[in-house]
Structures are given as C-alpha cells and as structure tokens.
Amino acid sequence: MSDPSLLGSPEELTHLPQVAATPWRLAGLAWLVFVLVVVVHQVQFWRAGKLDTDVLALLPVSEQAPEVGRASKLMAEGVSRQVVVLLGAPAWSDAKRAADQWRHALEQADAPLRASVGAQSLDQILDFYGSRRDRLLTPAQRAELLQAPPGSQVQRALALLAQPGASARLADFASDPLGLFPDWLQARAAQTRARPRDGELWVHGEDADWVVLIYEITGAPFAMNGNALYQPALDGALQAAQREVPGARMIAAGLPLHAEAAAVRANNEINTIGWGSLAAVLLLAWLAFRRLTPILLTAVSLAIGVAAAISVTAWIYGSVHLLTLVFGASLVGVAEDYGIHYFASRQGQPWARPRTLMRSLLPGLVLALSTSVLAYLALGLAPFPGLRQMAVFSAAGLLAAFLTAVCWFPLLDRHAPRDTRFAARIRDSLARYPSWRNTRLAWSIAAVLAVLSLIGLVRLHASDDVRDWQGSPPALIQAQIKIGRLLGTPSVAQFYLVRGASPQEVLEREEALKERLDGLVARHAFAGYAAVSDWVPSLRRQQADARLTARVEAEVLAGVNAALGERLVRPAPGAGALTPEQWLAHPASAAARTLWLGADHGQYMTVVMLHGLHDAKQLPLLEGAAAGLDGVRWVDRAADISSLLGRYRWSMTALLAAGHALVLFVLWLRFRRAAWRTWVPTLLASVLAVAVQGWLGEPFQLANILALLLLLGIGVDYGIFLLEHDGDGAAWLAVVLGAASTWLSFGLLALSSTPALHAFGLTLMVGVLLVWLGSPLVRSGAGHPKKAAE
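None of the values given here were measured: they were computed from a predicted structure. (Residues numbered from 1 in each chain as written. Predicted model: local features only at pLDDT ≥ 70, side-chain atom pairs only at ≥ 80, totals over all residues. Heavy atoms only, no water.)

*Asks:* Could you clarify how one ought to interpret the overall build of the protein chain in this entry?
*Replies:* Within the protein chain, the secondary structure is distributed over 31 helices and 13 strands. Within the protein chain, the fraction of its 790 residues that count as buried is 52%. Accessible surface, the protein chain as shown: approximately 34900 Å² in total, 61% of it carbon and sulfur. (Helix = DSSP H or I, 4+ residues; strand = E, 2+ residues; numbered from the N terminus. Buried < 20%, exposed > 50% of the residue type's maximum accessible area, 1.4 Å probe, protein only. Areas by Shrake-Rupley, 256 points an atom, 1.4 Å probe, with all protein chains shown as cover.)

*Asks:* Teacher, can you tell me more about the pairing of strand E6 (residues 208-217) here?
*Replies:* Most of E6 is tucked away: eight of the 10 residues are buried. Pairing between strand E2 (residues 82-89) and E6: eight bridges, direction antiparallel. Its bridge partner being in E6, Leu87 is matched across the sheet by Val211. Judged from the three bridges that link them, strand E3 (residues 113-115) and E6 form a sheet pairing that is antiparallel. (Pairing = 2+ DSSP bridges.)

*Asks:* Just to check I follow, could you spell out the packing of helix H11 (residues 255-289) against helix H29 (residues 729-749) for this structure?
*Replies:* How two helices pack is summed up by the angle between their axes together with the distance between the axes. Two elements in contact, H11 and H29, have axes separated by 9 Å at closest approach and are oriented at 165 degrees. The pairing of H11 with H29 is recorded here as roughly antiparallel in orientation. The hand of the H11/H29 crossing is right-handed. In contact with Thr272, Ile273, Gly276, Ser277, Ala280, Val281, Leu284, Ala288 and Phe289 of H11, H29 contributes Leu737, Ala740, Ser741, Leu744, Ser745, Leu748 and Leu749. Classifying every residue of the contact of H11 with H29 by side-chain character gives 11 nonpolar, five polar and no charged. (Axes fitted to C-alpha atoms, helices over the stretch in contact; angles between N-to-C directions. Parallel < 35°, antiparallel > 145°, perpendicular 65-115°, else oblique. Left-handed = near helix turned anticlockwise from the far one by under 90°. Contact = heavy atoms within 4.5 Å. Nonpolar A, V, L, I, M, F, W, Y, C, P; charged D, E, K, R; others polar.)

*Asks:* Before we go on, may I ask you to explain H29 in this structure?
*Replies:* Working note: α-helix, 3.6 residues per turn, so residues spaced by three or four point in the same direction. Look at H29: 30 Å from first C-alpha to last across 21 residues, which is about the 30 Å you get at 1.5 Å a residue. Burial analysis of H29 places 18 of its 21 residues in the buried class, the great majority of the element. (Expected span 1.5 Å × (residues − 1).)

*Asks:* Help me understand the packing of helix H15 (residues 337-348) against helix H17 (residues 385-412), please; the structure alone is not making it clear to me.
*Replies:* At a minimum axis separation of 8 Å, H15 and H17 run at an interaxial angle of 30 degrees. On the basis of their axis angle, the class for H15 and H17 is roughly parallel. Contacts between H15 and H17 involve Tyr338, Gly339, Tyr342 and Phe343 from the former and Leu398, Ala401, Phe402, Ala405, Phe409 and Pro410 from the latter. For the contact of H15 with H17, a count of residues per class yields nine nonpolar, one polar and no charged.

*Asks:* Please clarify how the packing of aromatic side chains should be interpreted in this entry.
*Replies:* Each aromatic ring pair is described using two quantities: the centre-to-centre distance and the angle formed by the ring planes. Counting across every chain of the model gives 18 aromatic pairs. Geometrically, the ring pair formed by Phe343 and Phe409 is tilted, given 5.5 Å between the ring centres and 40 degrees between the ring planes. You can see Phe343 sitting in helix H15 and its partner Phe409 sitting in helix H17, a full 66 residues away along the chain. Phe409 carries the same exposure label as Phe343, and that label is buried. Site record: aromatic cluster; members linked through ring pairs are Phe128, Tyr129, Phe181, Trp184 and Trp535. (Phe/Tyr/Trp six-rings, centres within 6.5 Å; stacked < 30°, edge-to-face > 60°.)

*Asks:* Is there a simple way to explain the environment of Tyr338 in this structure?
*Replies:* Its place among the elements puts Tyr338 in helix H15. A sequence separation of 27 residues divides Tyr338 from Leu365, and the C-alpha atoms of the two residues are 6.9 Å apart. Not counting residues within four places of it along the chain, the set of residues in contact with Tyr338 comprises Leu365, Leu369, Leu398, Ala401, Phe402 and Ala405.

*Asks:* Would you explain unusual backbone geometry in this entry?
*Replies:* With the exception of glycine, most residues fall at negative phi, and the peptide bonds are largely trans. The backbone of Asp207 sits at a positive phi, close to 60 degrees, despite the residue not being glycine. Its location among the elements puts Asp207 in the loop between strand E5 (200-205) and E6. Note on Asp207: relative accessible area 72%, which makes it exposed.

*Asks:* Got a minute to help me understand the layout of surface pockets in this structure?
*Replies:* Counted as a void, the second largest pocket has a volume near 900 Å³. Looking at the second largest pocket, it is lined by 30 residues, and the ones nearest its centre are Trp436, Ala446, Leu449, Leu684 and Leu777. Of all the secondary-structure elements, those providing two or more residues to the lining of the second largest pocket are helix H19 (440-459), helix H27 (676-696) and helix H30 (755-774). It is H27 that contributes the most residues to the lining of the second largest pocket, 10 residues altogether. Residue classes in the lining of the second largest pocket are distributed as 25 nonpolar, four polar and one charged. (1 Å grid on protein atoms, 1.4 Å probe; cavity = no way out; pocket = protein on both sides within 12 Å on 5 of 7 lines; lining within 4 Å. Points joined across faces, edges and corners; volume = space filled by probe spheres on them.)

*Asks:* How do you make sense of a positive patch on the surface when you look at a structure like this?
*Replies:* A grouping of Arg290, Arg418, Arg421 and Arg425 is seen on the molecular surface, where their side chains present a positively charged patch. Relative to the assigned elements, Arg425 resides in helix H18 (residues 421-432). (Patch = residues over 30% accessible without salt bridge, like charges linked within 9 Å, V, L, I, M, F, W, Y side chains within 5 Å. Salt bridge = Lys/Arg side-chain N within 4 Å of Asp/Glu carboxyl O. Lys, Arg positive; Asp, Glu negative; His and termini not counted. Charge placed at Lys NZ, Arg CZ, Asp CG, Glu CD.)

*Asks:* Any chance you could explain the environment of Asp600 here in plain terms?
*Replies:* Tracing the backbone shows Asp600 in strand E11 (residues 596-600). Judged by relative accessible area, which is 18%, Asp600 ranks as buried. With 533 residues separating them along the chain, Asp600 and Glu67 place their C-alpha atoms 8.5 Å apart.

*Asks:* I tried to follow the pairing of E5 on my own but got confused; where do I start?
*Replies:* A regular strand places its side chains on the two faces of the sheet in alternate fashion. Note: strand E4 (residues 195-197) against E5, three bridges, orientation antiparallel. When the bridges of E5 are listed, Arg197 appears paired with Glu200. Count of turn residues in the E4/E5 antiparallel hairpin: two residues, of which Asp198 carries a positive phi of about 50 degrees. Looking at chain direction, E5 and E6 are connected through five bridges and run antiparallel. Bridge pairing in E6 links Trp202 to Val211. Hairpin connection of E5 to E6: two residues between the antiparallel strands, including Glu206 at a positive phi of 55 degrees.

*Asks:* Explain the pattern of salt bridges here, please?
*Replies:* Applying the stated criterion across every chain yields a total of 21 salt bridges. Linking Glu206 and Arg485 is a salt bridge whose minimum nitrogen-to-oxygen distance equals 3.4 Å. Here Glu206, found in the loop between E5 and E6, pairs with Arg485, found in helix H20 (residues 474-487); they are 279 residues apart in sequence, far enough to count as distant. Overall, Glu206 belongs to the partly exposed group, its relative accessible area being 30%. Residue classification places Arg485 among the partly exposed residues on the basis of a relative accessible area of 45%. What emerges from the salt-bridge pattern is a single network uniting Arg133, Asp176, Glu553 and Arg570.

*Asks:* Mind showing me how you'd approach a nonpolar patch on the surface here?
*Replies:* On the surface, Leu29, Leu32, Val33, Leu36, Val37, Trp315, Ile316 and Tyr317 cluster together into a nonpolar patch covering about 740 Å² of accessible area. With five residues, helix H2 (residues 21-48) is the single largest residue contributor to the nonpolar patch. In this structure, Leu36 sits in helix H2.

*Asks:* Looking at this model, I keep getting lost on the side chain of Thr420. Mind explaining?
*Replies:* Take Thr420: it is sitting in the loop between H17 and H18. Thr420 gets classed as buried once you look at its relative accessible area, which sits at 8%. Among the polar contacts listed, one links the side chain of Thr420 to the backbone oxygen of Leu287, at a separation of 3.2 Å. Among the polar contacts made by the side chain of Thr420, one reaches the main-chain carbonyl oxygen of Ala288 at a distance of 2.9 Å. (Polar contact = N/O pair within 3.5 Å; in protein donor to acceptor, adjacent residues only side chain to side chain.)

*Asks:* Just checking my understanding: could you explain the environment of Ala262 for this structure?
*Replies:* In this fold, Ala262 is placed in helix H11. The exposure class of Ala262 is buried, given its relative accessible area of 14%. Here the alpha-carbon distance between Ala262 and Pro473, two residues 211 residues apart in the chain, equals 8.5 Å.

*Asks:* Quick question: what am I supposed to make of the confidence of the model for the protein chain here?
*Replies:* In low-pLDDT regions, the fine details of the predicted coordinates are not to be read closely. On average, residues of the protein chain score 82 in pLDDT, and 88% of them are at 70 or above. pLDDT under 50 marks residues 1-8. Its contacts with residues more than four places away, or in other chains, come to 38 contacts. Low confidence marks residues 782-790, where pLDDT is under 50. Its contacts with residues over four positions away, or in another chain, come to 11 contacts. (pLDDT = per-residue confidence, 0-100.)

Take a look at the structure:
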C-alpha cells in the first residue's frame, strides 16, 4: 500500500514545475529493454521446463550438518524416477494373470514408463558372489566358525552330505562343505520380503498374493500443462487387469507420483489464485474507473511483475519451485497497489499532468515498495530454501510492477479516469463509517471480543510437525506406507550416515556400527538393517573371513575324508577380494546400490538403513549406538526438522515482537501521540487472527508467524494512509481497493491444499480483513496531528 502523504493537493500540484519528458522517456525505454529481455527468457524458461516439484526443497537445510542434507538429496536422487507397483489378488495365479494383463495394457497405452532394468537374474548373483563366497560370512556364521568345536562342524558337514542329491555333487560339496554360501544369500534376501516365484517377484500380505513390478519414468517428472500422465496410465492398466481378474488390486508408490500430484495441484491452485485475483483486481478497477486504460495498464504491470519474478528467481536459483508459483499468484493482490494508487489520484485530480502527478506520488510509492519488499524479504530469514525463493520471487515481482507503473503509466495514460458512482459511494462511506467512542456499548463489544480472543488463544495448539509443510495426497502417502510394510523396505526418516576418507574406511566404520546394532536387533529393538558392507565387506574383514573359512573347511574336509574314506580337496578360491568399485559396476549391486552415496567434498558416504523400527522409544538407543564411532552420525530427519521448525517459530516470534516495537517507534517519530491509531489495528488484528486459528482448530506453526510479519508490513499502511489524509474520501477509496484485492488474493491462498500455504493464507486473510475494518474505527477525529498541534 502506498504512502498517501505524497498525494499532493490541487494547489500543490498546480504549483509544481512541469516534469521534463526526455528523462521519463529514457527511463521508459530502458525499462522496455529489460522487459524484452524478460520476454526472451520466459520463452526459453517455459520451453526448458525448469520447474521444481521436489518436496525436499521446502525443507530447511540442517544448520549443524550440511552433509546430512546432501546425503538426503543423494538418497532421493537414487529413486527419483522409480515407481513401484504391486498387483495383487487372493490367489497367486490370478495375481499373475492380472500382472500380465496390466503389463500388456501399459504397453498398448504407450505410457512413459518402462520396466526397470535393474532387476538382476539369480545366475548373475551366483556368478558374482559365488566366486568370492569364502570371503562372505554373516555375523552368526563367523561366530559359529570361531566358537563351534571341529567335531560338531564335521557332523554338520556329514549331515549336509547325507541330504538327497548332495553326494552326486561332491565337487560342489568340497567347495562349501558347511553350506555357508546359501545361508549368506538367504540372509541378504531377508532384507526384503519379496521373493522370486514363477519368474516374478512375489510377496504375500493383506490376504493377497502380490506381483512386485518396478518401473522407471521415461519422460519429464510432470507435464508443463498440469495434466497427469503417470497415475492415469497406471489406473488405466489396472482397469484392463480388472477386466481379466475382477478382484485385482493395485498399490503404486514412488517420487514421480508425488511430483506429478504436486504439479497437478499447483497448476489448479495457480489458476484459481492467480486468475481469481486478477479477475477481482480488474473488476474493482473497472467499477472504480470505468475506463479501459486503467484496467489494461494495471494488467500489464501485473503481468510484467509476475514474469520478471519468475525470470529473476530462475536466474538466481536455476529453477522455480511449483509452490513458489502458487504463493506468487497471491502477489497479484499486492502488486496492483501502485497502478490503483496512480489512477485513484488521477481520478481525484484530473487537472494534474501525468508525469507531475507521478512525481508527486513517487516518494510515497517508494516508501510503500520498501516496506512491502522488506516484509517479504523477512520471510527469507528462516532457513527454508522454498521460503527464500518465495521471498525473492515476491520482492522481484513487486519491484517490476512498481517500475512498470512509474516508467510507463505517465507516458501511456492520456485521459484521466472519470468519476464513477462506485468510487463516489466508497469515498462518501468514510464519513458514515463508525469511529471509536468511549461508550458502554463500545467497551462491551471490546470485552466480548477480548473474551473470545482469550478462548481462541487458550484453544490454540502449536505444531512443528514437518508433515505440515508438505501436502502430498493422503492416498499416495498411505500407498507408500503400505508398500513399505509389505516389502519390508527401510524407513528413510531415520538412518545412519557413515563417512570416511576412503571406501575401505567407510566399510570398516560400517562394520563397527553393525556390531553394536546386532546387539539391539537381538533385543528386538528393531528388525534389522541394510548396509553396503553386508554385500561388500571391508578388505580387512574379507581377508580375516577368508583365513577363517580356509582353516575351518580344511579341518571339516579332513574329518569327512576320515569318516567316509574320501579324498575331498577344498578348491582354491576363484576370485580375489571384492571391492566397492567392482560391486558398483556389476548388476548384482542393484539391490543395495542406493545405500552407496559416493564421494562428496573429499569424503565417501554410505547410509545404513533400518528395518522394522516401529517404536519411537527405541530412538534414543539407536542414537546412542553411534556414540563414539568416528565418521558415524545418527540422523533423524523428522525430529531434526521439527526441532528446527520449533526453534525458528520462537525466534521469529521474538523478531515479530521486535518488529512491532520498531514500527511503533517509527510511527511515534512521525505522529507522536497519534501513532497508536496506525499501530493498534494491526496489533489487534494479529492477535485476533491467531485466536481464529484456535477457534478453527488449526495448528499454529511457523507459517503463521511469517504471515504475521507480512501483515505488519502491509497493515500499518492502512492506518498511515487514513491518518495522513484524515477524512479524505480518495484516500479511503485507495485503502478499500487495495485491501480488497489483497484480501481476495490471500483468501484464495487459504484454499491451498499445501498446509503451510493454507496456514499462511488463512492468517493473512483474517488479519488483512480485520486491519481493513479496524483502521477507520480509530481514525483521528481532530484532523492531521500536526495541524492539531498547531
């Protein structure tokens, strides 16, 4: 909202010297060049599709461990294009038929999905690991070989040899007389509940047999037009499968489905908020001015503001998040203030020359721009990449809309808008608007509001849950949870991050950690873990295990030969030590490759994931397991981010209180004893807006505090406007038009299905409405304070 102090009186404008046209035209030409650059960039931007839907972009960067953020990002990138589908039916044969029909329908639909090539054959696994089987032992096998007496080992080997068919493969028996390799493979397979069956991956659960299908998207994560591609393709294939098997069921999950859902939702919200706000602004402009020029020029300033905001954000960040566009759509309700104020002044002072009028408005507009930009940039104080991007987007959009109005409106505006009945009614309504009186009725109403506010504040409950900052559809979240439960996949919310200067150091540190975790698994604190060193032990561990198996198996074969009169000889190992490089290069690593994060800033990183962690009481034990281990860090992303949100909620609350004190001081410098008339409406509106949250049962979170910061920047302008121009109907007209468009924009933002944006919009919708209604209540009845002083 612009400061009206520069809305000059007719006398002032009459005596102002005429502003030279050349500098103004040069400024307009310079701005035209910039706008053309933005237009070119917009074409390139939308063709390149540099929109970001990564939900992790909303989450704050860890202040204490940036490597955790990098690790989380690398983990997400590893599965960013993967879609997991489970096709199920009560009978396995039906599930297979449904899966066949599902695959056929997906191929016929030419869907941008392809079966993952990461699924390796059993032969590949046997060939790769079998040649190194003497170096691969589970902890239980290692303990048994070290502790069991030789006699019992021999008896175990003889028992294995007595099994049907074993004697016919004496050569295979001699290479693994204790059957260690099959047990090791079984332990690896236990990390997922999916098992090979009839050429498919099979899992049983929820009274059904399921075929596990893993696909990768072949196109962009989402369509630029907001239409869904992947989910409809999956649903269409399911319908085809259900025609073959009526009872067939499908569960699908994966980051591409979340990204697509976010894109579709964002597209709908951008259309609702952006076009709804624009329509409201243009309607208000038409009702107030009844000329095409104000409407067109205001629309041009908004379009340039949004386009420049997108370009500047893309130049700084490389891409624009979809939620930034959703939030930025509400910018329409604020950026139109500059054009509305110019034409409102032009309507009230039609005798003024456009350039002269704009020059008289310029200091006030600059002050308004500064306060609004600072309020938006305050959003960027929190360590949220998404919020910082929104702050830059909004500040750039406001600046572009301001420069468009200042540089172009005086050049393009040829005729003052005529007065209208709508504008006249609003101007005249100020005289009839009630003002605060020290009466019993007024105090009674105030007491009722105070009681209601107190009850709302008591009912308020704070929430720093990170889930309030993302808005994936509940059905997708439930599908993700269900697939994780059926397949036994580990949680990505808690894990161990292991770092080291070399791959071998990382593996050795993993093994040290696993020794502690084995004790917790034995105590049933959780079901198990998945680590790279399960598949690729460190060289030190491999050498030790190779020596152990060589010694024990030689003793066992000697015992077997003595018992049976054979001459069995343990063959020499077929291959040398296994290294991470060999493992990563082979398809056999597909099952656990995402655990290897590679090198970053000279440090190699892996993650150790946990299975079957269902009891939050075990989290302290798991955190304690990493204590004292070099290079091992316990990561609880949900708890870390929630803790960060809580701390910033309190620190931003302190900043909000300091901001109110600073604003009141500045207002006191200008208005002295009348300063409270501009500040109290915003203060009371902030309290009532928070109380409304309590009445509605909405969680109070950091987004609400950030909205109150913006409300402080916007709300006090209404009081300033009315106090500077006490009793001026034109000033009231500007307040009404500006506040109405702002309220509509943030009111539409409250419809967002993203919890944080909904909270932000709801707080501002209530707050702006209350400031709008409350500011004229406490307007000065004695005229300008300076005049009163005189």
